[in-house]
2 protein chains.
Amino acid sequence: MMTAKTPPKNIGVLLFPGFQLLDICGPLDVLNVLANTHTLNLSILAATLDPVTTWHAQQESQNSNFSESIVPTHTFATAPDDLEVLIIPGGFGTRRGENVEGVVEFVRGYYPKLRWCLTVCTGSAILAKSGVLDGKRATSNKKAFAWVKEQNTGVLWVPKARWVVDGNIWTSSGISAGIDLIYAWIAEVWGEETASYLADSSEYERNKDSGDDRFAERWGVV
Amino acid sequence: MMTAKTPPKNIGVLLFPGFQLLDICGPLDVLNVLANTHTLNLSILAATLDPVTTWHAQQESQNSNFSESIVPTHTFATAPDDLEVLIIPGGFGTRRGENVEGVVEFVRGYYPKLRWCLTVCTGSAILAKSGVLDGKRATSNKKAFAWVKEQNTGVLWVPKARWVVDGNIWTSSGISAGIDLIYAWIAEVWGEETASYLADSSEYERNKDSGDDRFAERWGVV
């Protein structure tokens, strides 16, 4: 019998053009290490099976050519139907409707099957657009907070928080906050001892206090 | 005229099967953001142009299938000859000779052309094998420190350090330490104001003290 404490095995992440690299690679690196000692499977979902790039138009002003591409394992149409956890990154791509249209639809349809949904940075804007966050507490990137709030005013946006938990939805603040989010979530599901050992192995100093967020003041959202 | 303080434009990273995802994505995410305001070009080098996976045999014991693949832009044979900076990740792949043989050769040949060489985690073991670190000070992953030291005893290995600078070589401690390394290096090259703004934008709490390293004690290397 599966209880709330039964750890998941099947995890999915969503990619779209212009995703923020660390939003997804911070949490995934920790889960990569966890997969050495616990059975875990990863599905990487995108609109097509083509590699998905972090590139976005912001770089054009400097003639920069600095981006990375990650290879999906499934399309939204061929996603496994047994994913228990979905992780949604943010990034400049979330601001372009054509980049995330299929993502929002997929999240809306898949969310009822999930045991947990985690977002990093402006990934919570995608979740907000899907309607899944209506009436729920959530946070997001602090530098982009004003834009995120406009995406859905029916969400109870929390300005000062490293991360926020409401039911089975865990939303984190910007970019690096996703790493603290994943350790907190692992502590909840696999236990604090596992989370601490992983963090020490990765030589990472966790912020373990979800309310400790100096970036809210830094970016003027409180 | 190019001085030591002239910022670089052309950065390369090396990938090999079984690289540690955060070793490379932590630094690259910061540089991705820097590329929005400064001209930067990235080359991703590997043995072939096939996507390079983080997967390693460690996962087999748990029947896990949890990895990511990044797409290279060049092979070692077709690498641009104007790279100014090379970033070398670590990971379980560094322990398998067949995974990194071409990497070690490439580093040995290319290093004289570089203005800076940065390593994260056991990436310093690759640099040590290449001979480039002979007689130089360097650090590495603390949990793997004993193994790393065995790769080249002619290196002046520093057990307690978040990162170490010797000439144009910057080596960091394990996994997450690469993020502190890249911010420290950016502060050196582009200035502290730029580094601080980037860190605040990424909502990252830097460790700015290269000697502050509690993981040396945690993993018993001092």
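Conventions and cut-offs
Residues numbered from 1 in each chain as written. Chains lettered and ligands numbered in written order. Predicted model: local features only at pLDDT ≥ 70, side-chain atom pairs only at ≥ 80, totals over all residues. Heavy atoms only, no water. Core = buried A, V, L, I, M, F, W, Y, C linked by side-chain atoms within 4.5 Å. Buried < 20%, exposed > 50% of the residue type's maximum accessible area, 1.4 Å probe, protein only. Contact = heavy atoms within 4.5 Å. pLDDT = per-residue confidence, 0-100. Helix = DSSP H or I, 4+ residues; strand = E, 2+ residues; numbered from the N terminus. Expected span 1.5 Å × (residues − 1). Salt bridge = Lys/Arg side-chain N within 4 Å of Asp/Glu carboxyl O. Pairing = 2+ DSSP bridges. Buried area = accessible area lost by both parts, 1.4 Å probe. Polar contact = N/O pair within 3.5 Å; in protein donor to acceptor, adjacent residues only side chain to side chain. Nonpolar A, V, L, I, M, F, W, Y, C, P; charged D, E, K, R; others polar. Least-squares fit on C-alpha atoms with pLDDT ≥ 70 in both.

> With reference to specific residues and values, describe the nonpolar core.
Of all hydrophobic cores here, the largest spans 150 residues; its most connected members are Leu 31, Trp 185 and Ile 186 of chain A together with Leu 31, Trp 185 and Ile 186 of chain B. Every residue in contact with Leu 31 of chain A, bar those within four places of it in the chain, is listed here: Ile 11, Leu 40, Ile 87, Ile 182, Trp 185 and Ile 186 of chain A together with Phe 66 of chain B.

> Let's hear about the confidence of the model for chain A: which residues, and what values?
When pLDDT is averaged along chain A, the result is 96; 98% of the residues meet or exceed 70. For this predicted complex, the interface confidence score (ipTM) comes to 0.97, while the overall pTM stands at 0.97.

> Explain helix α5 (residues 177-190) of chain A residue by residue, including any values.
Residue and element names in this part refer to chain A. With 14 residues, α5 should reach 20 Å at 1.5 Å per residue; the first-to-last C-alpha distance of 20 Å fits that figure. Of all 14 residues in α5, 13 are buried; the element is thus mostly enclosed. Looking one or two places after α5, you find Gly 191, whose phi comes out positive at around 105 degrees.

> I'd like a description of unusual backbone geometry, backed by residues and values.
Despite not being glycine, Ile 175 of chain A has its phi angle at roughly 35 degrees, a positive value. Note that Ile 175 of chain A resides in the loop between β11 (169-172) and α5.

> With reference to specific residues and values, describe the pattern of salt bridges.
Taken as a whole, this structure holds 22 salt bridges over all chains when the rule is applied. Two residues, Glu 192 of chain A and Arg 206 of chain A, come together in a salt bridge whose shortest N-O distance is 3.0 Å. Taken as a pair, Glu 192 of chain A in helix α6 (residues 192-201) and Arg 206 of chain A in the loop between α6 and α7 (215-218) lie far apart in primary sequence, 14 residues in all. Since its relative accessible area comes to 36%, Glu 192 of chain A is described here as partly exposed. We note a salt bridge from Lys 208 of chain B to Glu 192 of chain B, for which the minimum N-O separation is 3.6 Å. Taken together, the positions of Lys 208 of chain B in the loop between α6 (192-201) and α7 (215-218) and Glu 192 of chain B in helix α6 put the pair 16 residues apart, joining distant regions of the chain. Given a relative accessible area of 55%, Lys 208 of chain B falls into the exposed group. Counted as one network, the salt bridges with shared partners bring together Asp 200 and Glu 205 of chain A together with Arg 214 and Arg 218 of chain B.

> Could you give an account of the sheet that holds strand β10 (residues 163-166) of chain A, naming the residues involved and the relevant values?
Residue and element names in this part refer to chain A. In space, the 7 strands of this open sheet follow the order β5-β2-β1-β6-β7-β11-β10, with mixed pairing throughout. Two strands lie at the open edges of the sheet, namely β5 (74-75) and β10, each paired on one side alone. Two elements, β10 and β11, share 4 bridges in a ladder whose sense is antiparallel. Along β11, the bridge assignment pairs Val 164 with Thr 171.

> Could you give an account of the interface of chain B and chain A, with specific residues and numbers?
Taken together, the 60 residues of chain B in the interface contact 60 residues of chain A. Here chain B packs against chain A, burying approximately 4800 Å² in sum over the two surfaces, 50% of which is carbon and sulfur. Together, Asn 36, Phe 66 and Glu 203 of chain B form the three largest contributors to the area buried by chain B at its contact with chain A, with a combined 17%. For the interface between chain B and chain A, the tally reads 6 salt bridges. Of the charged contacts, one joins Arg 214 of chain A and Glu 205 of chain B as a salt bridge, the two residues approaching to 2.7 Å between their closest N and O atoms. If you look at where chain B meets chain A, you find 46 residue pairs in polar contact (both at pLDDT 80 or more). Of all the secondary structure elements, the ones that give two or more residues to the side of chain B that touches chain A are α1 (21-34), β2 (41-46), β4 (69-70), α5 (177-190), α6 and α7 of chain B. Of all the elements, α1 of chain B adds the most residues to the side of chain B that touches chain A, at 9 residues. Taken together, the residues of the side of chain B that touches chain A break down into 24 nonpolar, 25 polar and 11 charged.

> Got a sec to walk through the relation of the copies chain B and chain A? Specific residues and values, please.
For the pair chain B and chain A, the relating rotation is 180 degrees, the translation along its axis is 0.0 Å, and the fit reaches an RMSD of 0.0 Å. A rotation of that kind, with that shift, is consistent with a two-fold axis. Of the C-alpha atoms belonging to chain B, the one lying closest to the rotation axis is found on Ile 70 of chain B, 2.4 Å away. Comparing interface residues between copies, 100% of those in chain B also lie at the interface in chain A; the contact surface is shared.

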